[in-house]
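Chain by chain, the residues:
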Amino acid sequence: MCRWLAYSGSPILLEELLYKPVHSLIDQSQHSRMGVETTNGDGFGIGWYGVDDSVALPDTRRSDVPVLFRGVGPAWGDLNLRELARSTSSGMFLAHIRASTGTPVQQTNCHPFRYDRWLWVHNGAIAEFGTLKRDLVLAVDPALYPAMAGSTDSEVMFFLALTFGLRDDPVAAVERMVGFVEAVARRHGVADPMQMTVASTDGERLWGFRYSTVGQSRTLYVSTALTALRELYPDNPVFAGLDDETRIVVSEPLGDLVGAWNPIPESSYGVVEAGDDTLGAFTPREP
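The rules behind each value
- Residue positions are counted from 1 within each chain, in the order its sequence is given.
- Side-chain atom pairs in this predicted model are given and counted only at pLDDT of 80 or more, local residue features only at pLDDT of at least 70, and totals for whole chains, interfaces and linings cover all residues.
- Only hydrogens and water are set aside when side-chain values are computed; all heavy atoms of the structure are taken into account.
- Residues are said to line a cavity or pocket when one of their atoms sits within 4 Å of a point; the points come from a 1 Å grid over protein atoms alone, cavities being sets where a 1.4 Å probe fits but cannot get out and pockets being open sets with protein on both sides within 12 Å along at least five of seven lines.
- Grid points are joined across faces, edges and corners, and a volume is the space filled by probe spheres set on the points.
- The way it works is that DSSP assigns letters per residue, a run of H or I at least four long becomes a helix, a run of E at least two long becomes a strand, and they are numbered from the N terminus.
- Polarity classes work like this: nonpolar for Ala, Val, Leu, Ile, Met, Phe, Trp, Tyr, Cys and Pro, charged for Asp, Glu, Lys and Arg, and polar for all others, with Gly in that last group.
- Aromatic rings from Phe, Tyr and Trp, with only the six-membered ring used for Trp, were paired whenever their centres fell within 6.5 Å, and each pair was classed as stacked if the ring planes differed by under 30 degrees, edge-to-face if by over 60, and tilted otherwise.
- Each residue is assigned to one of three classes by its accessible area relative to the maximum for its type, calculated with a 1.4 Å probe on protein chains only: buried under 20%, partly exposed between the two thresholds, exposed over 50%.
- A pair of strands is considered paired only if DSSP assigns at least 2 bridges between the two.
- In this analysis an axis means a line fitted to C-alpha atoms, helices contributing only their contacting stretch, and an angle means the value between N-to-C directions, from 0 to 180 degrees.
- Angles are sorted into four bins: roughly parallel if under 35 degrees, roughly antiparallel if over 145, roughly perpendicular if 65 to 115, and oblique for all others.
- Working rule for handedness: look at the near helix, and if it is turned counterclockwise from the far one by less than a right angle, call the crossing left-handed; if clockwise, right-handed.
- Two residues form a contact once any of their heavy atoms are found within 4.5 Å.

Considerations on empty space enclosed by the protein
Working step 1: Overall, the coordinates contain two cavities of 30 Å³ or more when judged by the stated rule.
Working step 2: Approximately 80 Å³ is the volume attributed to the largest cavity.
Working step 3: Around the largest cavity sit 13 residues that line it, and Arg98, Thr101, His111, Asp153 and Ser154 are the ones nearest its centre.
Working step 4: For the lining of the largest cavity, the secondary structure elements donating two or more residues are strand E6 (118–126) and helix H5 (153–163).
Working step 5: Among the elements that line the lining of the largest cavity, the one with the most residues is E6, at three residues.
Working step 6: When the residues that make up the lining of the largest cavity are grouped by side-chain class, the tally is two nonpolar, nine polar and two charged.

Observations regarding the packing of aromatic side chains
Working step 1: Inspection of the entire model under this criterion finds 10 aromatic pairs.
Working step 2: Considering the side-chain rings of tryptophan 120 and phenylalanine 158, the 5.4 Å spacing of their centres and the 25 degrees angle between planes classify their relative orientation as stacked. Of this pair, tryptophan 120 sits in strand E6 while phenylalanine 158 sits in helix H5, and the two are 38 residues apart along the sequence. In this pair, the class of tryptophan 120 matches that of phenylalanine 158, namely buried.

Here's the deal with the pairing of strand E8 (residues 206–212)
Working step 1: Here E8 lies mainly inside the structure; seven of its seven residues are buried.
Working step 2: Both faces of E8 are covered, namely the face carrying Leu206, Gly208, Arg210 and Ser212 and the face carrying Trp207, Phe209 and Tyr211.
Working step 3: Pairing between strand E7 (residues 194–201) and E8: seven bridges, direction antiparallel. Each residue of the ladder has a partner; that of threonine 197, found in E8, is arginine 210.
Working step 4: Connecting the antiparallel pair E7 and E8 is a turn made up of four residues, with glycine 203 showing a positive phi of about 95 degrees.
Working step 5: Two strands pair when backbone bridges link them, and E8 and strand E12 (residues 268–272) are joined in this way by five bridges, in the antiparallel orientation.

Quick notes on the sheet that holds strand E1 (residues 3–13)
Working step 1: Overall, antiparallel pairing links the seven strands, which are arranged E3-E2-E4-E1-E10-E9-E11 in an open sheet. Where the open sheet ends on each side, the last strands, each with one partner, are strand E3 (67–71) and strand E11 (261–263). Shown here is a sheet whose adjacent strand axes are inclined to one another by a mean of 15 degrees, direction ignored.
Working step 2: As defined by bridge partners, strand E2 (residues 44–48) adjoins E3 across five bridges and the pair is classed as antiparallel. Note that in E3 the partner of glycine 45 across the bridge is arginine 70.

Points about the packing of H5 against helix H6 (residues 170–188)
Working step 1: Put simply, H5 and H6 touch, their axes get as near as 8 Å, and they point 120 degrees apart. By the angle class used here, H5 and H6 are oblique. Our pair here, H5 against H6, has a crossing hand that is right-handed. Where H5 approaches H6, its residues Met157, Leu160 and Ala161 are matched on the opposing element by Ala173, Val174, Met177, Phe180 and Val181.
Working step 2: Along the lines of polarity and charge, the residues of the contact of H5 with H6 split into eight nonpolar, no polar and no charged.

In structure tokens, the structure reads:
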């Protein structure tokens with residue numbers, strides 16, 4: 001399995017979350033406390049939206065097409081990642097460290113996956129993916145198929161979600177994607193096929209999903225609202241420089257600060273956006 005984080009808020013240097021917290025994503029690559037594996041060393045990736053400095057807007061406009069940086073080695077030893085993280089800032093980014101469930105360790109299999117302005121990361125697996133793969137891949141929109149470059153179940157999930165309308169209604173599209181995978185699994189006699197936490201973004205809004213067919217999904221947390229954290233910790237300088245809209249979604253907390261992290265319920269989705277965020281029930285449906 002894998003670990004990932006998603007950030008939306010005031011532009012910050014990537015290293016602020018990748019390296020600096022006591023249980024940062026890089027620390028989790030060697031010392032995961034809540035994952036299936038302690039070590040996640042089968043590649044890594046970051047996808048981020050650059051800040052357009054030429055436009056002086058209160059919300060800081062983000063560039064449309066995200067940038068990807070992915071590597072096949074362990075994240076903890078990549079010097080280029082350290083250099084990038086200490087010099088690159090963004091107000092929306094996804095980061096992922098990979099523990100392969102059987103597909104090759106290669107750059108095209110590292111998350112995030114990108115299509116146009118959309119990014120996607122996944123922790124989990126489709127059970128007996130090799131048995132289901134042909135039926136799943138053949139359901140991908142032929143116009144999207146040429147953009148698929150890797151061999152993972154995660155990328156197939158992304159392109160199925162795009163096929164089922166991710167760009168128009170992300171929650172409904174992911175529900176259709178999961179419903180389709182579960183229907184194909186039933187036809188092949190595969191039990192409990194889906195295990196997932198997923199993050200996806202178009203650069204403006206961030207969606208998170210927690211679901212498994214068996215009802216025992218991998219962990220997923222969201223940070224507490226900044227207004228509440230400032231009341232709890234008025235002298236903490238970290239919270240002072242972030243706007244009220246800032247949120248972090250993570251596979252496991254980046255630290256042990258009491259009250260800072262909230263578990264996302266089983267079979268749920270969340271939307272981080274300007275104004276009030278949304279938390280709702282996730283219900284697979286056949287397309």
